[in-house]
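Inside the fold
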Amino acid sequence: MINKEAIELAKKIVELDLQRDEIWENFAAVAGDYAHDLLRMVQNS
């Protein structure tokens, strides 16, 4: 049986995923063609 905590965590994951998509769109608009490279550089630093 799925408990309440698991459902709340699933909802948070969905909310974070939607937030991530929105942030990515804004980031890609600002960083342009270099968005993927810049993100990779920051992840690896």
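The shown structure was predicted, so the numbers you read here are calculated from the model rather than taken from an experiment. (Residues numbered from 1 in each chain as written. Predicted model: local features only at pLDDT ≥ 70, side-chain atom pairs only at ≥ 80, totals over all residues. Heavy atoms only, no water.)

Overview of the overall build of the protein
Across its full length, the protein holds two helices and zero strands. Projected onto the principal axes, the alpha-carbon positions of the protein cover approximately 45 × 20 × 10 Å. By the burial criterion, 4% of the 45 residues in the protein qualify as buried. Total accessible area on the protein is roughly 4,500 Å²; 59% of this is exposed by carbon and sulfur atoms. (Helix = DSSP H or I, 4+ residues; strand = E, 2+ residues; numbered from the N terminus. Buried < 20%, exposed > 50% of the residue type's maximum accessible area, 1.4 Å probe, protein only. Areas by Shrake-Rupley, 256 points an atom, 1.4 Å probe, with all protein chains shown as cover.)

Re the packing of helix α1 (residues 4–31) against helix α2 (residues 35–43)
Packing of α1 against α2 brings their axes to within 9 Å, and their N-to-C directions diverge by 110°. Taken together, the axis directions place α1 and α2 in an arrangement best described as roughly perpendicular. Facing Trp24, Phe27, Ala28 and Ala31 of α1, the residues of α2 in contact are Ala35, His36, Leu38 and Leu39. Partitioned by chemical class, the residues of the contact of α1 with α2 number seven nonpolar, one polar and no charged. (Axes fitted to C-alpha atoms, helices over the stretch in contact; angles between N-to-C directions. Parallel < 35°, antiparallel > 145°, perpendicular 65-115°, else oblique. Contact = heavy atoms within 4.5 Å. Nonpolar A, V, L, I, M, F, W, Y, C, P; charged D, E, K, R; others polar.)

Section: the pattern of salt bridges
The tally for this structure, following the rule as stated, stands at two salt bridges. Residue Glu8 is joined to Lys11 by a salt bridge in which the shortest nitrogen-to-oxygen separation is 3.8 Å. Placement of both Glu8 and Lys11 in helix α1 is noted, with a separation of three residues, approximately one turn of the helix. (Salt bridge = Lys/Arg side-chain N within 4 Å of Asp/Glu carboxyl O.)

Things to note about α1
An ideal rise of 1.5 Å per residue puts 40 Å on 28 residues; α1 measures up with 40 Å between its terminal C-alpha atoms. Counting buried residues along α1, only one of its 28 residues qualify, which leaves the element largely exposed. For α1, the side-chain oxygen to backbone nitrogen distance between the N-cap and Glu5 is 3.2 Å, and the N-cap itself is Asn3. At the exit of α1 stands Gly32, carrying a positive phi of roughly 65°. (Expected span 1.5 Å × (residues − 1). Polar contact = N/O pair within 3.5 Å; in protein donor to acceptor, adjacent residues only side chain to side chain.)

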